[in-house]
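Coordinates in review
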Amino acid sequence: MLGRGGGLSTITIITSALNSLQLLRHTADSIFRQSSDDWQWIIVDGASSDGTREWLSGIAGLRSNVDYISEPDSGIYDAWNKALPLVQGSWVIFLGAGDKLKSPDVLQSCAPYLEEVSPEINLAYGFVEYIKDVEDTSGVRSPARWEGIDGKWAWCRPVQPNHQGVFHRARLLINKNGFDATYRFAGDTAMMLPELIRNGVTEIPLCITLRTLDGVSIDPRNRTKVLSEVLRINRSIGLGNKRLIYQYAAFFYHVVKARLSRKAR
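Quantities reported herein were computed from a predicted structural model and do not represent experimental measurements.

Let's shift gears to the overall build of the protein chain. If you tally the helices and strands in the protein chain, you get 8 helices and 12 strands. In terms of overall dimensions, the protein chain is globule-like: its C-alpha atoms have a radius of gyration of 18 Å, near the 18 Å expected for 265 residues. Considered along the principal axes of its C-alpha atoms, the protein chain spans approximately 55 × 45 × 35 Å. Across the protein chain, every contact between residues at least 6 apart in sequence was considered, and the portion connecting residues at least 24 apart equals 81%.

Structure follows, in structure tokens:
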């Protein structure tokens, strides 16, 4: 099922969801409170059974800048790819169900910075704060910043910005034919990391998003799968031999940590 709105926008927000209506309401509230209407929100629902589709139909009927799709998908990157043909904004940001925009004026505040990004740069990012509860209005600021491949590394790769705070030029996503859906957990890294290395990024001095401490990629049970995909990405973009000892030491450290976590449960 497809719901279509209308109107051009500077920023398109994409959210994938599956049986997360209560979390989605919090995300919606933070978007609908924005002081500017210069945005589009696309929700890709994986055919939820908790009333999400009916709720989406209702809000799309009331707001011309809300679009939605509700049908089965094969995972988050497949869902994001389904949204791309509907994108009307020049810039795209991906929020999870339960993630919230930091303040009612954050998109309006970001717009002038995005207008000044050099044409050859396809990524811009602000900061993300981690919150413990979806009701929180502030949290702990993530230290993640892009310092290049010779800067800090974590999770077996150079530290990159949190995707919940990253604006992607729509043309980048379209030119790359979307995300590589063969990745289940690190498709955002497969998209961003080569682009960060190739063309760099612009930093916006604002907190963009409040992010809840959940999600499949940070679930301890998925840690080994995430890092296996990251190592595969490194090899594909020429980082396979960069800090090789660190890469595999970090991988095995997280493997052991995940096993200990499972035993503790």
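Take helix α4 (residues 106–115) next. Those residues of α4 not exposed but buried are V106, L107, C110, A111 and L114. When α4 is viewed along its axis, its buried side chains cluster within an angular range of 140 degrees and face the same direction.

Considering soluble globular proteins, one finds that nonpolar side chains tend to be buried as a cluster. In terms of nonpolar packing, the biggest core is built from 31 residues, with I13, L24, W41, W55, L101 and F167 touching the most fellow members. Elements represented by at least two residues in this core include exactly β2 (11–17), α1 (21–32), β3 (39–45), α2 (52–62), β4 (66–70), β5 (91–94), α4 and β12 (202–212). For W55, the residues in contact, after removing those within four places along its chain, are L21, L24, R25, A28 and W41. Counting residues in each nonpolar core, the second largest holds 26 residues, with A79, W80, W146 and M192 among its members.

This part takes up unusual backbone geometry. Phi at N19 is positive, roughly 50 degrees, even though this residue is not glycine. Position of N19 relative to the elements: it lies in the loop between β2 and α1. Located in the positive-phi region is R243, a residue other than glycine, with phi close to 50 degrees. R243 sits in the partly exposed class, given a relative accessible area of 34%.

Owing to its 3.6 residues per turn, the α-helix aligns residues three or four sequence positions apart on the same side. Taking 1.5 Å as the rise per residue, helix α7 (residues 223–236) with 14 residues should run 20 Å; its terminal C-alpha atoms sit 20 Å apart, in good agreement. When α7 is considered as a whole, its buried residues turn out to be R223, V226, L227, E229, V230, L231, I233 and N234. Two residues or fewer after α7 comes G238, characterised by a positive phi angle close to 90 degrees.

What follows concerns the pattern of salt bridges. In the structure shown here, the tally under the stated rule is 6 salt bridges. When the shortest N-O distance is used, the salt bridge between E203 and R145 registers 3.0 Å. Pair noted here: E203 is in strand β12 and R145 is in the loop between β8 (140–141) and β9 (153–154), with a separation of 58 residues, a long-range link.

Our next topic: the side chain of T12. Mapped onto the secondary structure, T12 falls in strand β2. For T12, the side chain forms a polar contact with the main-chain nitrogen of G89, separated by 2.9 Å. Apart from residues lying up to four places away in sequence, T12 is in contact with Q40, I42, V87, Q88, G89, W91, V92 and I93.

Below, the discussion takes up the environment of G51. For G51, the position within the fold is in the loop between β3 and α2. Judged by relative accessible area, G51 falls into the partly exposed class, the value being 26%.

Next up on the list: the packing of aromatic side chains. Tallying each qualifying case throughout the model produces 10 aromatic pairs. On the numbers, 5.3 Å between centres and 85 degrees between planes, the contact of F94 with F179 is edge-to-face. With F94 in strand β5 and F179 in the loop between α5 (170–175) and α6 (187–199), this pair connects stretches of sequence that are 85 residues apart. Judged by relative accessible area, F94 falls into the buried class, the value being 1%. With a relative accessible area of 5%, F179 lands in the buried category. A network of ring pairs unites the aromatic residues Y77, W80, F94 and F179 as a single cluster. We note R63 situated over the ring of F32; from NZ or CZ to the ring centre the distance is 3.8 Å.

The rules behind the values
- Per-chain numbering applies: the sequence of each chain, read as written, is numbered from 1 onward.
- It should be noted that, the model being predicted, local features are given only for residues of pLDDT at least 70 and side-chain atom pairs only at 80 or more, the latter also being counted only at that level, while totals for whole chains, interfaces and linings use all residues.
- Excluding hydrogens and water, the side-chain figures rest on all heavy atoms present in the structure.
- Helix and strand definitions follow DSSP, with helices as H or I runs of at least four residues and strands as E runs of at least two, each counted in order from the N terminus.
- Note that the radius of gyration is over C-alpha atoms, with the globule rule given as 2.2 Å times the number of residues to the power 0.38.
- Should any heavy atoms of two residues lie within 4.5 Å, those residues are considered in contact.
- Throughout, exposure labels follow a simple rule: accessible area from a 1.4 Å probe, protein chains only, divided by the maximum for the residue type, with under 20% read as buried, over 50% as exposed, and the rest as partly exposed.
- The directions considered for the arc are those from the helix axis to the C-beta atoms.
- To qualify as a nonpolar core, a set must consist of buried Ala, Val, Leu, Ile, Met, Phe, Trp, Tyr and Cys residues joined through side-chain atoms within 4.5 Å.
- Helices are assigned an expected span. That span is 1.5 Å times one less than the residue count.
- Put simply, a salt bridge is a Lys or Arg side-chain nitrogen that is within 4 Å of an Asp or Glu carboxyl oxygen.
- Contacts described as polar in this section are N or O atom pairs within 3.5 Å, which, within protein, must combine one atom able to donate a hydrogen with one able to accept it, while residues neighboring in sequence count only if both atoms come from side chains.
- Only centres within 6.5 Å qualify two rings of Phe, Tyr or Trp (six-membered ring in Trp) as a pair; their planes then separate them into stacked at under 30 degrees, edge-to-face at over 60, and tilted for everything else.
- We count a charge as sitting over a ring when the NZ of a lysine or the CZ of an arginine lies within 6 Å of the ring centre and within 35 degrees of the ring normal.

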